[in-house]
Amino acid sequence: MRIYLIAIICLSAMLMSCRQADVVADGDLLFCIADEDNAITDVTQGIDGMKIEHVGIFYNKNVIEATKSRGVCITPIDSFISNNGRRVIIGRVDNADVKQSIENALKYKGLPYDTLFMPDDRAMYCSELVQKSFVKPDSTLIFTPIPMSFHDASGTITPFWIDFYKQRGMEVPEGWPGSNPGELSRRECVRIIRKW
């Protein structure tokens, strides 16, 4: 436990005090890695097989993120790290208009969390916030939507997602347009610049 707290404090201090462009900068993506498999990591894959379950956007020593409890919000970096309680990797998005991408993300502030992972803008989940905010200098989206995946490596939709959507009177939206944090971490335009 003590080593874990020291790691959180060191990472938080580094992210907050860092001014070197090769460590962390506005617009960098902070990917959170789960310690154990869960409903999201069972059906998605992060870079190098990592169990990436959440993503936020670094901005002015804070993180713009979409959370279940607060929707789209701005979280201080130390709270982001301690709330997520797991390892974080930093990805830099090549060819992004960072200023406009951050402005786009901030426009979604206050929207509720999208618990159904639908492709509309009435609510927003973490990777959807990134996918819909990041643009190139010509204002085109960097992260085009991908077909949503709720199936495991064998191609079978997992019981968790079948039950999850059944309880809501819906079919699993397998193949609908969307995103997930693991897949974003594997995009060619994302350079992983730091791992913990």
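Now for a look at the structure at hand. A quick note: this is a predicted structure, and the numbers were derived from the prediction, not measured. The residue numbers shown here count from 1 along each chain, following its written sequence. For a predicted model such as this one, the threshold for reporting local features is a pLDDT of at least 70, and the threshold for listing and counting side-chain atom pairs is 80 or more; totals across whole chains, interfaces and linings nevertheless cover every residue. Excluded from the side-chain calculation are hydrogens and water; included are all heavy atoms of the structure.

Some words on helix α4 (residues 126-133)
Rule in force here: With a 1.4 Å probe rolled over the protein chains alone, any residue whose accessible area is under 20% of its type maximum counts as buried; one over 50% counts as exposed, and the rest are partly exposed. Every helix listed is a DSSP run of H or I at least four residues long, and every strand listed is a run of E at least two residues long, numbered separately from the N terminus. Whether two residues touch is decided by their heavy atoms; if any such pair falls within 4.5 Å, the residues are in contact.
Most of α4 sits out of view: eight of its eight residues are buried. Every buried residue of α4 is listed here: Cys126, Ser127, Glu128, Leu129, Val130, Gln131, Lys132 and Ser133. Residues of α4 that are buried make contact with β1 (29-33), β2 (52-59), β3 (62-67), β4 (71-76), α3 (98-107) and α6 (181-186).

Topic: the nonpolar core
For clarity, the cut-off: Definition used in this section: a nonpolar core is a set of buried Ala, Val, Leu, Ile, Met, Phe, Trp, Tyr and Cys residues joined via side-chain atoms within 4.5 Å.
Counting 37 residues, the largest nonpolar core has Leu29, Val93, Phe134 and Phe143 as its most contacted members. Listed by contribution, the elements that provide at least two residues to this core are β1, β2, β3, β5 (87-93), α3, α4 and α5 (159-166). Aside from chain neighbours lying at most four places away, what touches Val93 is Gly27, Leu29, Phe134, Ile142, Phe143, Cys189 and Val190. Counting residues in each nonpolar core, the second largest holds 11 residues, with Val63, Ile77, Phe80 and Val88 among its members.

Some thoughts on the pairing of β1
A regular strand places its side chains so that they alternate between the two faces of the sheet. The condition is simple: Strand pairing is assigned whenever DSSP detects at least two bridges linking the two strands.
Here β1 lies mainly inside the structure; five of its five residues are buried. In β1, alternate side chains face the same way, and those of Leu29, Phe31 and Ile33 on one face and Leu30 and Cys32 on the other are all buried. Pairing geometry for β1 and β2, over five bridges, is antiparallel. The partner of Phe31 across the bridge, within β2, is Val55.

Overview of the state of the cysteines
Heads up, the rule is: Working definition: a disulfide is two cysteine sulfur atoms within 2.5 Å of each other.
With the rule as written, the count across this model stands at zero disulfides. Cysteine Cys32 remains unbridged, with the sulfur of Cys126 as its closest cysteine sulfur at 8.5 Å.

Considerations on the environment of Asn95
Position of Asn95 among the secondary structure elements: in the loop between β5 and α3. Considered as a pair, Asn95 and Val135 are 40 residues apart in the sequence and their alpha carbons are 8.5 Å apart. With sequence-adjacent residues up to four places away left out, Asn95 is seen in contact with Val135, Lys136, Pro137 and Ile142.

Brief notes about the side chain of Asn180
Looking at the secondary structure, you find Asn180 in the loop between β7 (177-178) and α6. Classification of Asn180 by relative accessible area gives buried; the value is 11%.

Structural notes on the sheet that holds β1
The condition is simple: Axis definition: a line fitted to C-alpha atoms, limited for helices to the stretch in contact. Angles are taken between N-to-C directions and run from 0 to 180 degrees.
In space, the six strands of this open sheet follow the order β4-β3-β2-β1-β5-β8, with antiparallel pairing throughout. The sheet terminates laterally at β4 and β8 (190-195), the two strands that pair on one side only. Strand-to-strand twist across the sheet, computed as the mean angle between neighbouring axes with direction ignored, equals 30°. With five bridges joining them, β5 and β8 adopt antiparallel strand pairing. The residue of β8 that forms the bridge with Ile90 is Arg194. Sitting on the sheet, α3 is in contact with β2, β3 and β4, with an inclination near 110° to β2. Here α4 sits on the sheet in contact with β1, β2, β3 and β4, set at roughly 45° to β2.

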